[in-house]
Amino acid sequence: MSGSGDSILLLGESGVGKTHYGAQLLRRLIKKDCRLRMNGQATNLEPFEAALESLSEGKAADHTATSIYVDSVWPVSQEDGTSGQLIWPEYGGEQIKSMIETRRVADAWCRRVQQADRWMLMIRLQQTQLGDDVLSRPLSDMRRAARENPAHQISDQARLIELLQMLIYVRGMSPTGVRPGSPQLAVLLTCWDELRFEGTPSEALQVRLPMFWAFLSATWPAPTVMGLSALGRPLTPHTSDSDYSSRGPEQFGFVVTPEGERSPDLTWPIHLLLDKQSQQEAD
Ligand SMILES: Nc1nc2c(ncn2[C@@H]2O[C@H](COP(=O)(O)OP(=O)(O)O)[C@@H](O)[C@H]2O)c(=O)[nH]1
Ligand SMILES: [Mg+2]
């Protein structure tokens, strides 16, 4: 970890779990029993306060307002004593959606993309749908659908590829693959608890989003794919889960490592991303 700001570009459409992960991560950092721990005074915690409070009551938090973008600055250290500042953003995920839909990257986002050397893309597989093809929908059906003329929508896989391609362009990366100096990318499959998938996270991605996986692995050699369940189980905003509030939110949530093992250490994906970057700098 370098001494300067270790900013992570957190990418995720709305509803993938960015806010809840931020709140759970913050609590783990403060509790200091994970690989990464808070080492000083964090600033700009306001965006996470409501979520922290709701989780303590065993409830899910409300949705983040669209226009918000706030960087929280968290001074963190690792077990080996290295320290740095983690810059963790909080924003309404609709900003990413409109980026894809309008194919325009706002100036502020261009700067973030150019400056951050670590990108973390959060995908909630339950929220994505595979487009129909001849296997899932016979051609006779397709012909009927064409007559009915439903509005054309690009598939979720194509949207994610489009997003990465836009970021690669803004960053000035070679579209044919990662070179030294290119940002590290980790894909986090969120709400893993609702997936009920037995294999590793990259297997889940290959099964559920094969075209996106093909693009990802052609662009980033050996991309890091992890699973995340920030909450550990579903919560609702209005009914309190009494077990959750009595045991405390820090007892819940887990990460699935690229090898498919579960770990309660929610700081693991950040640790891995920071470590990969330092390895690349050392090479
Ligand atoms: N089952 C389950 N639900 C989650 C988890 N993390 C977040 N959620 C739910 O996913 C929804 C969106 O989460 P949120 O953090 O607001 O997403 P954001 O829009 O990306 O910030 C909320 O209803 C949460 O209760 C999780 O680990 N497991
Ligand atoms: Mg949010």
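Residues numbered from 1 in each chain as written. Chains lettered and ligands numbered in written order. Predicted model: local features only at pLDDT ≥ 70, side-chain atom pairs only at ≥ 80, totals over all residues. Heavy atoms only, no water.

Where an unreviewed UniProt entry is consulted, the protein chain appears under the name Double-GTPase 1 domain-containing protein, with the organism given as Streptomyces viridochromogenes.

1. Topic: the overall build of the protein chain
Scanning the protein chain from terminus to terminus reveals 10 helices and 9 strands. Of all 283 residues assigned to the protein chain, the portion counted as buried reaches 49%. Of all intrachain contacts in the protein chain linking residues separated by at least 6 positions in sequence, the fraction that spans at least 24 positions is 78%. On the protein chain, roughly 13,900 Å² of surface is accessible, and the fraction owed to carbon and sulfur atoms is 48%. (Helix = DSSP H or I, 4+ residues; strand = E, 2+ residues; numbered from the N terminus. Buried < 20%, exposed > 50% of the residue type's maximum accessible area, 1.4 Å probe, protein only. Contact = heavy atoms within 4.5 Å. Areas by Shrake-Rupley, 256 points an atom, 1.4 Å probe, with all protein chains shown as cover.)

2. Quick look at unusual backbone geometry
Backbone geometry places Lys32, a non-glycine residue, at a positive phi of 60°. At Asn44, a residue that is not glycine, the phi angle is positive and equals roughly 60°.

3. A closer look at the site of ligand 1
Near ligand 1 you find 19 residues, and of these Gly15, Lys18, Thr19, His20 and Asp193 are the closest. With respect to ligand 1, the side chain of Thr19 contributes an N or O atom lying 2.8 Å from an oxygen atom. Asp193 has a polar side-chain atom sitting 2.7 Å from a nitrogen atom of ligand 1. If ligand 1 stood free it would expose 580 Å²; the protein chains cover 89% of that surface. Its residues assigned to classes, the shell around ligand 1 comprises 7 nonpolar, 6 polar and 6 charged. (Near = heavy atom within 4 Å. Polar contact = N/O pair within 3.5 Å; in protein donor to acceptor, adjacent residues only side chain to side chain. Nonpolar A, V, L, I, M, F, W, Y, C, P; charged D, E, K, R; others polar.)

4. Here we look at the packing of helix α7 (residues 201-208) against helix α8 (residues 210-219)
When two helices pack together, you describe them by how their axes are tilted relative to each other and by the distance separating the axes. Here α7 crosses α8 at 120°, and the two axes come no closer than 5 Å. Compared by their axis directions, α7 and α8 come out oblique. Counted together, Ser202, Leu205, Gln206, Val207 and Arg208 of α7 and Pro210, Phe212, Trp213 and Leu216 of α8 form the full contact between these two elements. Looking at side-chain class alone, the contact of α7 with α8 contains 6 nonpolar, 2 polar and 1 charged residues. (Axes fitted to C-alpha atoms, helices over the stretch in contact; angles between N-to-C directions. Parallel < 35°, antiparallel > 145°, perpendicular 65-115°, else oblique.)

5. A short note on helix α3 (residues 94-102)
Among the residues of α3, Gln95, Ile96, Met99 and Ile100 are the ones counted as buried. Along the axis of α3, the buried residues cluster in a sector spanning 135°; they form a single face. Phi turns positive one or two residues past the end of α3, at Arg103, with a value near 55°. (Arc of directions from axis to C-beta.)

6. Some words on the environment of Pro210
For Pro210, the position within the fold is in helix α8. Along the primary structure Pro210 and Leu130 are separated by 80 residues, whereas in three dimensions their C-alpha atoms are 9.1 Å apart. Those residues in contact with Pro210 that lie beyond four places of it in its chain are Leu130, Gln157 and Leu205.

7. Considering the pairing of strand β6 (residues 184-189)
The buried fraction of β6 is high, at 6 of 6 residues. The alternating pattern of β6 places Gln184, Ala186 and Leu188 and Leu185, Val187 and Leu189 on opposite faces, both of which are buried. The pairing of strand β5 (residues 118-123) with β6 spans 6 bridges and is classified as parallel. Residue pairing for β6: Leu121 is matched across the bridge by Val187. Pairing analysis gives 4 bridges linking β6 to strand β7 (residues 224-229), with the strands arranged parallel. For Leu189, the partnering residue across the bridge sits in β7 and is Gly227. (Pairing = 2+ DSSP bridges.)

8. Structural notes on the pattern of salt bridges
Here the structure, examined in full by the defined rule, presents 11 salt bridges. Arg159 is paired through a salt bridge with Glu13; the nearest N and O atoms lie 2.4 Å apart. With Arg159 in helix α6 (residues 156-171) and Glu13 in the loop between β1 (5-11) and α1 (18-31), the pair connects residues that are 146 residues apart, well separated along the chain. For the pair shown, Arg159 and Glu13 are each scored as buried. Close ionic contact of Asp265 with Arg35 constitutes a salt bridge, the shortest N to O distance being 3.2 Å. Here Asp265, found in the loop between β9 (262-263) and α10 (268-282), pairs with Arg35, found in the loop between α1 and β2 (36-38); they are 230 residues apart in sequence, far enough to count as distant. When its relative accessible area of 26% is taken as the criterion, Arg35 is described as partly exposed. (Salt bridge = Lys/Arg side-chain N within 4 Å of Asp/Glu carboxyl O.)

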